[in-house]
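So the chains spell out like this:
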Amino acid sequence: MMIPRHSVGMKYSDYWPYIASRFAPWIYRSQDISAVTASLMPKATTLGTPTGRHALWYFLDLKDYPLGSEVLISAYNYYVVVRLVVQAGLVPVFVDIESDTLCMDPNDLAKKITPNSKLIITTHMFGNPADMPAICELANQNNIDIFEDCAHAVGSYIGETHMGQFGSGALFSFGVAKIVNCFGGGMLALTDNNDKAYQPPRHGAGFRHSMTDTFARVLLTTIYHPKIYKMTMLPLVKWGNALSRRGKHWLRNLISPSKNDGAWFFEPDKRAEFKPFMVSMLSRQLSRIEENVSKRRRNVSKMKSELVHHPEIQLLNEDKHGHSNGSYFGVYCESKQQLSEYLLAHNVDNNPQEFFDCSALAQFSEFKADCPNAQYASQHLIRLPSQPTLEAHQLNTIIRLLKGFSTDHARK
Ligand SMILES: *Cc1c(COP(=O)(O)O)cnc(C)c1O
């Protein structure tokens, strides 16, 4: 038996828009993404983008901040987002996170605001809502824009308000590892009425490259299917880890999209353009998002309730500021590398390095800052499976292994 680290819980019928668009691309030509997202985000106009990161790129294009303006950004982050800010000629100012939500800490934010601060990029990390009331208040007082990174946050709310409507803009990602998978693609949400007429520049790889780029994501999605995973991804993950222990990291870097690649930079034309069939995929998955989220939340709360008394494992407070979608399930463990390998040896895949403390990465050494909570997360946070396709006996296996590991370690 094998438990993948992730699975979107797609249905075979979700492949249909992709397949149909291969044969009859005109079917989907008139799809309107804003109409699909209207019930979720009534305050926002939405635009399909080639990837989630493109949405931030377009937002920065729209706002056109003076070069050298400061952008306040969560230190525990996907390095790609920070790199985009640097590439746009802006200065990232790292803000520490709250340990229990993994999101930007408003207290640290308040200390880092200067007259040159133009934008706050706040990430709803792992689907956990950031403290938006506090962040919005600081932004208003200091006349700073807010951009929300909602790559993990489809189905997360504060009160009745879906994430992505608290600032001027937001990015969403529909990549294969995210909570909604459209075989790639992303979305820019804009909430200021003055911005709603914005037309982003058109980017995208040429026709052939674009076709293979999307097809690669169809394959990757298929590989992540629980039944196929065991024969495809799992051996690769195990082999990659074995190589990694001998100092060769190339395979693990290839598999893990959130690797830290200091040489990476954003090339807007390198990825397939947003395709009309993706709107239809989005619509299908949004119609099931509540069910998807409630299964994830049920899985997370079951595991958490069994783990409260195991001091080796520390839990997060996902719902501290709102209603988390449970898209990623993270726990802290002092000896996370051992835990990760122990789980993998028992066929439970996991990710011991989902993201990094970007304030300490060599590639951002110019902007170095001291963010102890982000550093702790980078060193000790491990992501466990929580996907809706998990069955009760698989949940029990994970719980039993975590408890076993915990007891073993307590004894040593
Ligand atoms: C995936 C991700 C993004 C960017 O999404 P892409 O579609 O891969 O460009 C941004 N932020 C976070 C936190 C992510 O996990």
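Calculation rules
- Residues numbered from 1 in each chain as written.
- Predicted model: local features only at pLDDT ≥ 70, side-chain atom pairs only at ≥ 80, totals over all residues.
- Heavy atoms only, no water.
- Helix = DSSP H or I, 4+ residues; strand = E, 2+ residues; numbered from the N terminus.
- Polar contact = N/O pair within 3.5 Å; in protein donor to acceptor, adjacent residues only side chain to side chain.
- Salt bridge = Lys/Arg side-chain N within 4 Å of Asp/Glu carboxyl O.
- Buried < 20%, exposed > 50% of the residue type's maximum accessible area, 1.4 Å probe, protein only.
- Near = heavy atom within 4 Å.
- Areas by Shrake-Rupley, 256 points an atom, 1.4 Å probe, with all protein chains shown as cover.
- Nonpolar A, V, L, I, M, F, W, Y, C, P; charged D, E, K, R; others polar.
- Pairing = 2+ DSSP bridges.
- Contact = heavy atoms within 4.5 Å.
- 1 Å grid on protein atoms, 1.4 Å probe; cavity = no way out; pocket = protein on both sides within 12 Å on 5 of 7 lines; lining within 4 Å.
- Points joined across faces, edges and corners; volume = space filled by probe spheres on them.
- Axes fitted to C-alpha atoms, helices over the stretch in contact; angles between N-to-C directions.
- Phe/Tyr/Trp six-rings, centres within 6.5 Å; stacked < 30°, edge-to-face > 60°.

1. Remarks on the side chain of His162
Part 1 of the reasoning: Structurally, His162 can be placed in strand S8 (residues 161-162).
Part 2 of the reasoning: At 2.8 Å, the side chain of His162 forms a polar contact with the backbone nitrogen of Gly155.

2. Some words on the pattern of salt bridges
Part 1 of the reasoning: As enumerated under the stated definition, the model contains 15 salt bridges in all.
Part 2 of the reasoning: One salt bridge connects Lys63 with Asp195, and the closest N-O pair in it is separated by 3.0 Å. Pair noted here: Lys63 is in helix H3 (residues 52-63) and Asp195 is in the loop between strand S10 (186-190) and helix H7 (207-223), with a separation of 132 residues, a long-range link.
Part 3 of the reasoning: With a closest N to O distance of 3.0 Å, Asp108 and Lys112 form a salt bridge. Residue Asp108 and its partner Lys112 are both found in helix H5 (residues 106-112); the two are separated by 4 residues, about one turn of the helix.
Part 4 of the reasoning: Since its relative accessible area comes to 11%, Asp108 is described here as buried.
Part 5 of the reasoning: A network of salt bridges, in which partner residues are shared, links Lys63, Asp192 and Asp195.

3. A few points about the site of the ligand
Part 1 of the reasoning: Around the ligand, the neighbouring residues are Thr51, Gly52, Arg53, Tyr78, Val81, Asp149, Ala151, His152, Ser173, Lys178 and Phe355.
Part 2 of the reasoning: Here an oxygen atom of the ligand sits 3.1 Å away from a polar atom, N or O, in the side chain of Lys178.
Part 3 of the reasoning: In the complex, 94% of the free accessible area of the ligand, which totals 380 Å², lies under the protein chains.
Part 4 of the reasoning: Partitioning the shell around the ligand into residue classes produces 4 nonpolar, 4 polar and 3 charged.

4. As for unusual backbone geometry
Part 1 of the reasoning: Non-glycine residue Asp64 carries a positive phi angle of around 50 degrees.
Part 2 of the reasoning: Turning to its location among the elements, Asp64 is positioned in the loop between H3 and strand S2 (70-74).
Part 3 of the reasoning: At Phe183, a residue that is not glycine, the phi angle is positive and equals roughly 60 degrees.
Part 4 of the reasoning: With respect to the helices, strands and loops of the structure, Phe183 is situated in the loop between strand S9 (169-173) and S10.

5. A few points about the pairing of S2
Part 1 of the reasoning: Taking burial as the measure, the 5 residues of S2 include 5 buried ones, the bulk of the element.
Part 2 of the reasoning: Residue alternation in S2 divides its side chains into two sets, Glu70, Leu72 and Ser74 and Val71 and Ile73, and both sets are buried.
Part 3 of the reasoning: Bridging between S2 and strand S4 (residues 91-95) involves 5 bridges; their strand directions are parallel. Residue Glu70 lies in a different strand from S4, and its bridge partner there is Val91.

6. Brief notes about the environment of Ala88
Part 1 of the reasoning: Along the chain, Ala88 falls in the loop between helix H4 (79-87) and S4.
Part 2 of the reasoning: Once the C-alpha coordinates of Ala88 and Gly68 are considered, the two residues, 20 residues apart in sequence, prove to be 9.2 Å apart.
Part 3 of the reasoning: Not counting residues up to four positions away in its chain, the partners in contact with Ala88 are Trp57, Leu60 and Leu67.

7. Structural notes on empty space enclosed by the protein
Part 1 of the reasoning: Counted according to the given criterion, the structure contains 2 cavities of 30 Å³ or more.
Part 2 of the reasoning: Looking at the largest cavity, its volume works out to about 40 Å³.
Part 3 of the reasoning: Looking at the lining of the largest cavity, the element that brings in the most residues is H7, giving 3 residues.
Part 4 of the reasoning: Each residue belonging to the lining of the largest cavity can be placed in one class, and the counts come to 4 nonpolar, 3 polar and 4 charged.
Part 5 of the reasoning: As a volume, the second largest cavity reaches approximately 30 Å³.
Part 6 of the reasoning: In terms of lining, the second largest cavity is formed by Thr37, Leu40, Met41, Val154, Phe172, Phe174, Met187, Leu282 and Leu286.
Part 7 of the reasoning: In terms of residue class, the lining of the second largest cavity is built from 8 nonpolar, 1 polar and no charged.

8. Some thoughts on the sheet that holds S2
Part 1 of the reasoning: Reading across the sheet, the 7 strands line up as S1-S10-S9-S6-S5-S2-S4 and stay open at both edges, with mixed pairing between neighbours. Edge strands, defined here as strands with exactly one partner in the open sheet, are strand S1 (45-49) and S4. Mean inter-strand twist for the sheet, computed between neighbouring axes without regard to direction, equals 20 degrees.

9. Observations concerning the packing of aromatic side chains
Part 1 of the reasoning: For the structure on display, the rule yields 14 aromatic pairs.
Part 2 of the reasoning: When the ring of Tyr78 is compared with that of Tyr79, the centres are 5.7 Å apart and the planes differ by 85 degrees; the resulting orientation is edge-to-face.
Part 3 of the reasoning: Note on Tyr79: relative accessible area 3%, which makes it buried.
Part 4 of the reasoning: Each residue in the set Trp57, Tyr76, Tyr78, Tyr79, Trp264, Phe266 and Phe355 is aromatic and connected to the rest through ring pairs, giving one cluster.

The values are spatial; any link to function lies outside them.
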